[in-house]
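# Coordinates in review
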Amino acid sequence: MEMTGNVLVKETRGPGGRGGRAARQVLTRNLVPGTATYGEDLVKIDGTEYRSWDPFRSKLAAAMIKGLPEDIIRRGDKVLYLGTSTGTTTSHVSDIVGEKGLVIGVEFSSRVARQFVENVARIRKNVIPYIADARESSRFGSFGRVDVVYCDVAQQDQTEIAIDNCRRNLKPDGRLILIVKSRSIDVIKDPKEVFRQESSKLERNGFSVEKVIELSPFDRDHALISAVLRGA
Ligand code: SAM
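Quantities reported herein were computed from a predicted structural model and do not represent experimental measurements.

Moving on to the overall build of the protein. For the protein, the count of helices and strands is 6 helices and 12 strands. Over its C-alpha atoms the protein spans a radius of gyration of 17 Å, differing by no more than 12% from the 17 Å that the globule rule assigns to 232 residues. Taken over the C-alpha atoms alone, the protein extends approximately 45 × 40 × 35 Å along its principal axes. With 232 residues in all, the protein has 46% of them scored as buried. Taking the contacts inside the protein whose residues are at least 6 apart along the sequence as the reference set, 61% of them involve residues at least 24 apart.

Two elements, strand E3 (residues 24-29) and strand E5 (residues 48-53), share 4 bridges in a ladder whose sense is antiparallel. For Thr 28, the partnering residue across the bridge sits in E5 and is Arg 51. Pairing of strand E4 (residues 42-45) with E5, which is carried by 4 bridges, proceeds in the antiparallel orientation. For Lys 44, the partnering residue across the bridge sits in E5 and is Glu 49. Counting the residues in the hairpin turn of E4 and E5 gives 2 residues, including Asp 46, whose phi is positive at 50°.

Turning our attention to the site of the ligand. The environment of the ligand is formed by 19 residues, the closest being Gly 83, Ser 85, Thr 89, Phe 108 and Ala 134. For the shell around the ligand, the secondary structure elements donating two or more residues are helix H2 (88-97) and strand E7 (102-107).

In terms of nonpolar packing, the biggest core is built from 61 residues, with Val 79, Tyr 81, Leu 82, Val 149, Tyr 150, Cys 151 and Leu 176 touching the most fellow members. Not counting residues within four places of it along the chain, the set of residues in contact with Cys 151 comprises Leu 82, Gly 83, Gln 158, Ile 161, Ala 162, Asn 165, Leu 178 and Ile 179.

This part covers the pairing of E7. Of all 6 residues in E7, 6 are buried; the element is thus mostly enclosed. Pairing of strand E6 (residues 78-82) with E7 involves 5 bridges; the strand directions are parallel. Following the sheet pairing, Lys 78 is matched in E7 by Leu 102. Regarding topology, H2 serves as the crossover connection from E6 to the parallel E7, and that connection is right-handed. Handedness of the E7-helix H3 (residues 110-121)-strand E8 (residues 127-131) crossover: right-handed.

Ordered by their spatial adjacency, 7 strands build an open sheet running E8-E7-E6-E9-E10-E12-E11, and the pairing between neighbours is mixed. The open sheet has two edge strands, E8 and strand E11 (207-214), and neither has a second partner. This sheet shows a mean twist of 15° between the axes of neighbouring strands, independent of strand direction. Bridging between E6 and strand E9 (residues 146-151) involves 4 bridges; their strand directions are parallel. Directly across from Leu 80, in E9, lies its bridge partner Val 149. With respect to the sheet, helix H4 (residues 158-169) is in contact with E6, E9, strand E10 (170-181) and strand E12 (222-229), its orientation differing from that of E9 by roughly 165°. Against the sheet, helix H6 (residues 191-204) makes contact with E10, E11 and E12, and its axis sits at roughly 160° relative to E11, the strand it touches most.

Quick notes on the rules
- Residues numbered from 1 in each chain as written.
- Predicted model: local features only at pLDDT ≥ 70, side-chain atom pairs only at ≥ 80, totals over all residues.
- Helix = DSSP H or I, 4+ residues; strand = E, 2+ residues; numbered from the N terminus.
- Rg over C-alpha atoms; globule rule 2.2 N^0.38 Å.
- Buried ≥ 20, exposed ≤ 12 C-beta atoms within 10 Å, placed from the backbone.
- Contact = placed C-beta atoms within 7 Å.
- Pairing = 2+ DSSP bridges.
- Near = placed C-beta within 6 Å.
- Core = buried A, V, L, I, M, F, W, Y, C linked by C-beta atoms within 7 Å.
- Right-handed = clockwise from strand over helix to strand, strands pointing away.
- Axes fitted to C-alpha atoms, helices over the stretch in contact; angles between N-to-C directions.

Structure follows, in structure tokens:
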């Protein structure tokens, strides 16, 4: 068992869930003990409550199981999260940054945003919801520049949306975590080629790409790209 900040990684044996034998399980220290967000298990370990983090429902958890460092987002970080949906992953990011951190969560579909506000933002004091289009990057700067931009909007111009938000809202040497859904960009092209193409786009726009993690078997045709915005 290994603890990095508010993320706990357990090595497991035997069937780990749908579709395979997971060797690792990830959990986050629950910022709001006694409260689950999407029906996940609450687990007490040495007197502290953790929430189990389902890699089939969260691409960030899937990437951690596949080798993304658990401290990619840290305690106290300020995170601009684009595409929160109902807030499954955002709630774990809220656990990770803890009470001194902040998560600015952006979602443009009012139906899921309502659930996000009700189930996550209302309960977690470190989450600020914006019901807005992620393309309106100038609206998200009220809390100063952030340490991490997390972008999971599944749009054809997802990389451009991420780059624009980083230029406006990310600190120099801050980190971009970009989820690439290859079929949103090109339904015919080999996903690996799409991941290469989007990584090159980031490099051309002032980022150093550090990791490209394909998310199968948890999510087909998706990758997580972790990149750092090179300081001026
Ligand atoms: N990140 C979520 C998670 O892990 O729990 C899942 C996000 S889902 C794949 C993509 C979300 O992005 C959808 O809820 C969609 O409504 C939202 N979205 C797509 N385009 C957007 C945009 N331009 N601005 C804001 N939200 C957007």
